[in-house]
Amino acid sequence: MNKNEKYSDLLDSQIRVLRKENRYLEFKSNYQEAEKLGRYISALSNGACLEGQDFGYLYFGVEDDTLEVRGTKFDMAGVKAKGNESLELYLRRMLSPKVDFSVGEFFYHGDKEKRVVVFKINAAVGEPTCFVRKPWVRVDSHTTELAPYTDWIRAIYNSKVDWTAQLIDGSAIADLDESAISLARDGYRQRFPDYAEAMQSWSDATFLDKAGLTQDGQVTRAAMLLVGKPEKAYKLGHIAQMDWKCFQDGETFSQLFTIPFLKTTTELMRKIRNYRFKIFPHNSLIPAEVWKYDTRSILEGLHNCIAHQDYVRDERIVVTEEKDRLTFENAGCFFEGDYKEYICGQKTPRRYRNPFLVKAMLNVKMIDSQGYGIHSLYTRQKERYLPMPDYDGTDDTHVVMHLPGAVIDENYSLMLIENNDITLMDAVLLDRVQKGQRLNDDAIAMLRKKKLVEGRKPNLYVSKKVAQNINQRVEYSRHKGLGSKSCERLLVESLNDHGTLARQDIDRLLWNVLSDQLTDKQKKAKITNLLTKLRKDGILSNKTAGRNSTWKLTGKQTGAN
């Protein structure tokens, strides 16, 4: 079904069933102004929560009294708000807490004269959605402030609903996959070995309740996600898929995996190309042999996506395999804190987006321990001497995790092999130095105190102490460059040999002996400052004709000699 028919059928069903606007559904002939649109979004988000709906809908191009589809010329991308700011950016900035909405457009049943724009707005969760710090709601046919309706406000604050804990109407244990249940039993037995003997007499219904997958024998969304039959996925009302894409050697491969995720995560992992390679340390004749990817880390990445996915957004989990890394992407931001707080394993989250699902995954050993997934990923990469994971690309709507599967800088890997006193945090920070990424002042100060880095911010490089240990002496010298006195001596010796040098000759003489961490502009300025100093000291003189400058020694003795 194409987009036009999908949206047209949705609109038809809403008109047919509801027959009028309500707290989560609104129709407008055309766009009016940014402030009104912001209030509509706030009101529909709050209304959807009060009505127990996942989304609110706002249609432009439909008459609100007759519900006749007439079409609209409203174009979200072409409208500006105050101060020439884009309308979408303005709305997202003024809505709080951050509530997701999407904007689509379609031709009603393919009629080009009936172009409709639809806003699909996530329901408020746990607190009212505000526009310019005020919550709004629809009362009858009017959009008004929510503040006077204290019972409704209380209902929204008490609305924190776990999507994964909800029961699936019309579903039964017969909708669950027997082989997936068997795997769940194996995981439960490993998690709770004291129950291994008693489990033998448990029926599937008893086991599923004890594992936290079902509630009183009724199938939950968590149970369907983890152990449901693939042909029953439609009962979730969610796409329930993982999308694997592989880009290698100019070719593209892809495959979709659906439920039961307890089984299909392993099937997806087996698609990923994995092999051993060797790293040769300087202090041993025996190479370190490591797998490109650690299988536990692959499953950790997949299981984290499943556990923390924002299922209300109805998106796939995406796994992308490239030549030198894997990327895992799921809908939803970090629910509490950010990844840096979890690296050292000292933070345990106080709450989860999907607590029912997380508990079930913990019970069947899909998750080893709550709050330690990121710490385990970083620790295993360090133990395998490979670059650290990163979360570049993560934003308010998606978490993106990159898992390197190749050596970026061999010397960094050798450092981890040959220096047993490097801590996990040292390795993480030095990894950023090797990748040319910025560090904050506190991190730099710590690395300097341990004599692990040198150079000036932002042009840091691995220190001489570490460089000597990892056979990075040449790289260290290039990073550091010659000091001012050495540059003076080199210049004076060259002038003694040749008598005079043009400025461009001096640049060529000194350019490659300066630190390779300096930009061309910085190198130019450093040479200019050196020449100015020597001229003021009376050691050099110069003649300038147009753009050409020629330098020579004055005969005065210099300490550089």
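Structure shown above.
What this report covers is the structure whose coordinates are included nearby. It should be emphasised that the depicted structure is a prediction, and the values quoted were computed from it without experimental measurement.

Procedures and definitions
Residues numbered from 1 in each chain as written. Predicted model: local features only at pLDDT ≥ 70, side-chain atom pairs only at ≥ 80, totals over all residues. Heavy atoms only, no water. Phe/Tyr/Trp six-rings, centres within 6.5 Å; stacked < 30°, edge-to-face > 60°. Lys NZ or Arg CZ within 6 Å of the ring centre and 35° of its normal. Buried < 20%, exposed > 50% of the residue type's maximum accessible area, 1.4 Å probe, protein only. Helix = DSSP H or I, 4+ residues; strand = E, 2+ residues; numbered from the N terminus. Polar contact = N/O pair within 3.5 Å; in protein donor to acceptor, adjacent residues only side chain to side chain. Contact = heavy atoms within 4.5 Å. Axes fitted to C-alpha atoms, helices over the stretch in contact; angles between N-to-C directions. Parallel < 35°, antiparallel > 145°, perpendicular 65-115°, else oblique. Left-handed = near helix turned anticlockwise from the far one by under 90°. Nonpolar A, V, L, I, M, F, W, Y, C, P; charged D, E, K, R; others polar.

### Brief notes about the packing of aromatic side chains
Moving on, step 1. Summed over all chains, the structure comprises 18 aromatic pairs.
Moving on, step 2. Taken together through their ring pairs, the aromatic side chains of Tyr31, Phe60, Phe74, Phe101 and Phe119 make up a single cluster.
Moving on, step 3. Looking at Arg273, its charged tip hangs above the ring of Phe253, at a distance of 5.0 Å from the centre.

### Notes on helix 14 (residues 424-434)
Moving on, step 1. Within helix 14, 9 of the 11 residues are buried, which leaves the element mostly enclosed by the surrounding structure.
Moving on, step 2. Every buried residue belonging to helix 14 is among Leu424, Asp426, Ala427, Val428, Leu429, Leu430, Asp431, Val433 and Gln434, and all of these are buried.
Moving on, step 3. Residue Gly436 follows helix 14 closely and has a positive phi angle near 75°.

### Comments concerning the side chain of Glu300
Moving on, step 1. As for its placement among the helices and strands, Glu300 is situated in helix 10 (residues 295-308).
Moving on, step 2. A relative accessible area of 9% means that Glu300 is categorised as buried.
Moving on, step 3. Polar contacts involving the side chain of Glu300 include one to the side chain of Arg380, which spans 3.4 Å.
Moving on, step 4. In contact with Glu300, not counting residues within four places along its chain, are Gly373, Ser376, Leu377 and Arg380.

### What to know about the environment of Leu509
Moving on, step 1. Examined against the element boundaries, Leu509 turns out to sit in helix 19 (residues 503-510).
Moving on, step 2. In sequence terms Leu509 and Asp151 are 358 residues apart; their C-alpha atoms lie 79 Å from each other.
Moving on, step 3. Not counting the four nearest positions on each side in its chain, Leu509 is found in contact with Leu490, Leu491 and Ser494.

### Some points on the packing of helix 18 (residues 484-498) against helix 19
Moving on, step 1. Between helix 18 and helix 19, whose axes approach to 11 Å, the crossing angle comes to 130°. The angle between helix 18 and helix 19 falls in the class oblique. Handedness of the crossing formed by helix 18 with helix 19: right-handed. In contact with Cys487, Leu490, Leu491 and Ser494 of helix 18, helix 19 contributes Ile506, Leu509 and Leu510.
Moving on, step 2. Looking at the contact of helix 18 with helix 19 residue by residue, the class counts come to 6 nonpolar, 1 polar and no charged.

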